[in-house]
Amino acid sequence: MNRAVAVMKMHLVDRLTLVVLPLGILASSFAINVLIWLPMDADGRRTGGSVSTFIFVLAAGMFAVIRGLPFALGMGATRRSFAVGTAMTGAVLSAAYGTLYLVLQGVESLTNGWGLHGVFFDWAWFDRSVWPARWLVVVAAFFGSWVLGTAIAALWSRWGTPALVIGGPGLVLLGGGAVAVLTWQHWWHQVGSWFSSQTPMTSTGWLVVGSAALAVATWASLRRVSAS
Amino acid sequence: MNDTETVVEVSHLTRQFRGTRALDDVSLRIARDSITGLLGRNGAGKTTLMSLLTGQDFPTSGRIRVFGEDPLENAPVLARTCFVRENQQYPNNFRVHHVLSACANFHDSWDRDLAAILLADFDLPRNREVSKLSRGMRSALGILVGLASRAPLTIFDEPYLGLDATARQQFYDALLKDYAEKPRTIVLSTHLIDEVSGMLEEVVVLDNGRLALSGSADDLRGRACVLSGPIEAVESLVAALPVLNREQMGGHEAVTVEVRPDQALRSRIAGMGVEISAVSLQTIVVQAGLAARRSQAASTTEGGRR
């Protein structure tokens, strides 16, 4: 366990980057969106620009494995303690970023969309009355992004180029096939209503299921990885 | 050597990569509290062996014991190891002081004072990003990590790349000083055999994935000597001796023979104008590598004939 904590401390030692970088990304994305909003009508001022923070967390998860694993193994950590410590890191970061995200959501609604009727943080569609549930879903989304990043990096570390050559086009085919089927069967309406019927709790549930699947993929790759 | 004195024990270790056999049936032991040089040419299998010892790679066959146990995913064993690679990776955006903090968490035995001293000795900038360090500075940082970890088994892979002569001397001095204070098992792979030979107690020579030679450095040095003098005199002496190497210059000849420079040999050369001198570790290592090549080639041709 103390090795897992050492791994977590290693991931979190560079606090400046972990605070400054996502805030910087968020600020620039926000600034660009405000510039886009200004000439627009008030009811069109909606954006998913805050997704950039989730992409940051995904990238951080990838780097945590690609650069952190060889160092941690050299320092005498096991693959298992690396995996546990990296998952703990994801949980800590998700809780911190999720809290900040929810606070900014609150500020957005209190200031009537930053005085511009803009929607930057509160773009999700579900009921906004219960804040603990909304906090949970945002934290789960951050954690899912982190685990997706670690899974991609772990697959790459374990299987190398073939993972990308087969996995990349494979995913495109799978996704494209799904879109084709949905279009073909005229199921898009059902998909839309399924999404809008989700509550924060069910969304959290789906995110947890997805994260668990990705965590299994991460560990399955890491447990036999050779560092170099 | 009994078991408590053995830190590393490898038997019939083979590591096969697609198409190549990086290690081929290697068996060896490394004694507790010793400085062992892992020597051999590029591609001899040195890094593969070190990766296997620290549980970072998986053997194809054979057995590895470190502190008496299989190192793979073995937390108590690995907690006592530190392996600094020639091209050690550090987490993204890490600055030098981040490396120090992270290492302190990984090693219970981490010595902050020693780290601070080495930081000053090697002139390492605390706040610089590791990715912006020069090759020599990266090597110095790796040396600092390995020494300050004070891990009971510390492994350096080519630790001095890019270091100038002064920094290399600083490394050797710091290593020997700290080793004297706190003996532990240190393994270092190197090409610069003669430069480090003075501090090596044990030597392991790999060639083409096979063990070419192993033993105590003093013992290996004592196994051979150089006879030099006028060609005729030297030739008459070495006619019946196992010759490792022959160098001629004008009417003078220096022949390395695999014979102990003992009293019997000394009395034989008396009055012949021939001198005995010590052989360098490098010569022995090079010769062992070449001999291993020759016997490998011979067994291949034999196999082909069959």
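As the structure is a prediction and not an experimental result, all values here were calculated from the model.

## Quick look at the pairing of strand E1 (residues 6-17) of chain B
Side-chain positions along a regular strand alternate between the two faces of the sheet.
All names here are of chain B.
Okay, step 1: For E1 and strand E2 (residues 20-31), the ladder comprises eight bridges, and the chain directions are antiparallel. The residue of E2 that forms the bridge with Arg15 is Leu23.
Okay, step 2: In this structure, the hairpin formed by E1 and E2 is closed by a connection of two residues, where Gly19 is found at a positive phi of approximately 85 degrees.

## Focus on the sheet that holds strand E8 (residues 202-207) of chain B
Residue and element names in this part refer to chain B.
Okay, step 1: The strand order across the open sheet built from six strands is E5-E6-E7-E3-E8-E9, with neighbouring strands paired in mixed fashion. In this open sheet, the two edge strands, each paired with only one partner strand, are strand E5 (81-84) and strand E9 (210-216). Within the sheet, the average angular offset between the axes of one strand and its neighbour, ignoring direction, is 15 degrees.
Okay, step 2: Taken together, the six bridges between E8 and E9 define a ladder with antiparallel strand orientation. Residue pairing in the sheet places Glu202 in a bridge with Ser216 of E9.

## Description of the state of the cysteines
Residue and element names in this part refer to chain B.
Okay, step 1: Across all of its chains, the model carries zero disulfides over all chains by this definition.
Okay, step 2: With no disulfide partner, Cys82 has as its closest neighbouring cysteine sulfur the one in Cys103, 6.8 Å distant.
Okay, step 3: The buried category is assigned to Cys82, whose relative accessible area is 0%.

## With respect to the sheet that holds E1 of chain B
Residues and elements named next belong to chain B.
Okay, step 1: With antiparallel pairing, the three strands of this open sheet are ordered in space as E2-E1-E4. Two strands lie at the open edges of the sheet, namely E2 and strand E4 (61-66), each paired on one side alone. Going across the sheet, the axis of each strand differs from the next one's by a mean of 15 degrees, ignoring polarity.
Okay, step 2: Across five bridges, the pairing between E1 and E4 is antiparallel. Following the sheet pairing, Val8 is matched in E4 by Val66.

## What to know about empty space enclosed by the protein
Okay, step 1: Following the criterion strictly, the structure yields two cavities of 30 Å³ or more and no others.
Okay, step 2: Roughly 90 Å³ of internal volume is contained in the largest cavity.
Okay, step 3: Residue lining of the largest cavity: 14 residues in total, with Arg85, Glu86, Arg135, Arg138 and Ser139 of chain B positioned closest to the centre.
Okay, step 4: For the lining of the largest cavity, the secondary-structure elements that each account for two or more residues are helix H5 (135-149) and strand E6 (153-157) of chain B.
Okay, step 5: Among the elements that take part in the lining of the largest cavity, H5 of chain B stands out by supplying five residues, more than any other.
Okay, step 6: Across the lining of the largest cavity, the residue classes break down as five nonpolar, three polar and six charged.
Okay, step 7: Taken together, Pro22, Leu26, Thr53, Tyr97, Leu100, Tyr101 and Phe142 of chain A make up the lining of the second largest cavity.
Okay, step 8: Listed by contribution, the elements that provide at least two residues to the lining of the second largest cavity are helix H2 (15-37) and helix H5 (79-110) of chain A.
Okay, step 9: Class assignment of the residues belonging to the lining of the second largest cavity gives a composition of six nonpolar, one polar and no charged.

## What to know about the interface of chain B and chain A
By a widely used convention, the size of an interface equals the accessible area lost when the partners come together.
Okay, step 1: Between chain B and chain A, the contact holds 31 residues from the first and 29 residues from the second.
Okay, step 2: Taken as a group, Phe58, Glu73 and Phe106 of chain B account for 28% of the area that chain B buries against chain A, more than any other trio of residues on that side.
Okay, step 3: Our count for the contact surface shared by chain B and chain A stands at one salt bridge.
Okay, step 4: A salt bridge links Arg79 of chain A to Glu73 of chain B, with the nearest nitrogen and oxygen atoms 3.2 Å apart.
Okay, step 5: Summed over the shared surface of chain B and chain A, the result is 13 residue pairs in polar contact (both at pLDDT 80 or more).
Okay, step 6: Of all the elements in the fold, those that place two or more residues in the side of chain B that touches chain A are helix H2 (75-78), E5 and helix H3 (96-106) of chain B.
Okay, step 7: Considering every element that reaches the side of chain B that touches chain A, the biggest residue donor is H3 of chain B, with seven residues.
Okay, step 8: The residue makeup of the side of chain B that touches chain A, split by class, is 15 nonpolar, twelve polar and four charged.

## Let's talk about the environment of Thr47 of chain B
All names here are of chain B.
Okay, step 1: Structurally, Thr47 is set in helix H1 (residues 46-53).
Okay, step 2: Note: C-alpha distance between Thr47 and Arg85 (38 residues apart in sequence) is 8.3 Å.
Okay, step 3: Once you skip the residues sitting within four places of it in the chain, Thr47 turns out to touch Arg85 and Asp157.
Okay, step 4: One polar contact links Thr47 to Asp157, side chain to side chain, over a distance of 2.8 Å.

## Remarks on the confidence of the model for chain B
Okay, step 1: Residues with a pLDDT of 70 or more make up 97% of chain B, whose mean pLDDT is 91.
Okay, step 2: Both confidence scores are given for the complex: pTM 0.90, ipTM 0.88.

## Observations concerning the nonpolar core
Okay, step 1: Core analysis: the largest hydrophobic core is formed by 74 residues, its most contacted members being Met10 and Phe71 of chain A together with Val99, Phe106 and Leu175 of chain B.
Okay, step 2: Excluding residues within four positions of it along the chain, Phe71 of chain A makes contact with Met10 of chain A together with Gln88, Gln89, Tyr90, Pro91, Val99, Ala102, Cys103 and Phe106 of chain B.

## Observations concerning the pairing of E6 of chain B
All names here are of chain B.
Okay, step 1: Most of E6 is tucked away: five of the five residues are buried.
Okay, step 2: Side-chain alternation along E6 places Leu153, Ile155 and Asp157 on one buried face and Thr154 and Phe156 on a second face that is also buried.
Okay, step 3: Of the strand pairs in this sheet, E5 and E6 are connected by four bridges, and their pairing is parallel. Paired with Thr81 across the two strands is Leu153, which belongs to E6.
Okay, step 4: Sheet analysis places E6 next to strand E7 (residues 185-190), joined by five bridges and oriented parallel.

Procedures and definitions
Residues numbered from 1 in each chain as written. Chains lettered and ligands numbered in written order. Predicted model: local features only at pLDDT ≥ 70, side-chain atom pairs only at ≥ 80, totals over all residues. Heavy atoms only, no water. Pairing = 2+ DSSP bridges. Helix = DSSP H or I, 4+ residues; strand = E, 2+ residues; numbered from the N terminus. Axes fitted to C-alpha atoms, helices over the stretch in contact; angles between N-to-C directions. Disulfide = S-S within 2.5 Å. Buried < 20%, exposed > 50% of the residue type's maximum accessible area, 1.4 Å probe, protein only. 1 Å grid on protein atoms, 1.4 Å probe; cavity = no way out; pocket = protein on both sides within 12 Å on 5 of 7 lines; lining within 4 Å. Points joined across faces, edges and corners; volume = space filled by probe spheres on them. Nonpolar A, V, L, I, M, F, W, Y, C, P; charged D, E, K, R; others polar. Contact = heavy atoms within 4.5 Å. Buried area = accessible area lost by both parts, 1.4 Å probe. Salt bridge = Lys/Arg side-chain N within 4 Å of Asp/Glu carboxyl O. Polar contact = N/O pair within 3.5 Å; in protein donor to acceptor, adjacent residues only side chain to side chain. pLDDT = per-residue confidence, 0-100. Core = buried A, V, L, I, M, F, W, Y, C linked by side-chain atoms within 4.5 Å.

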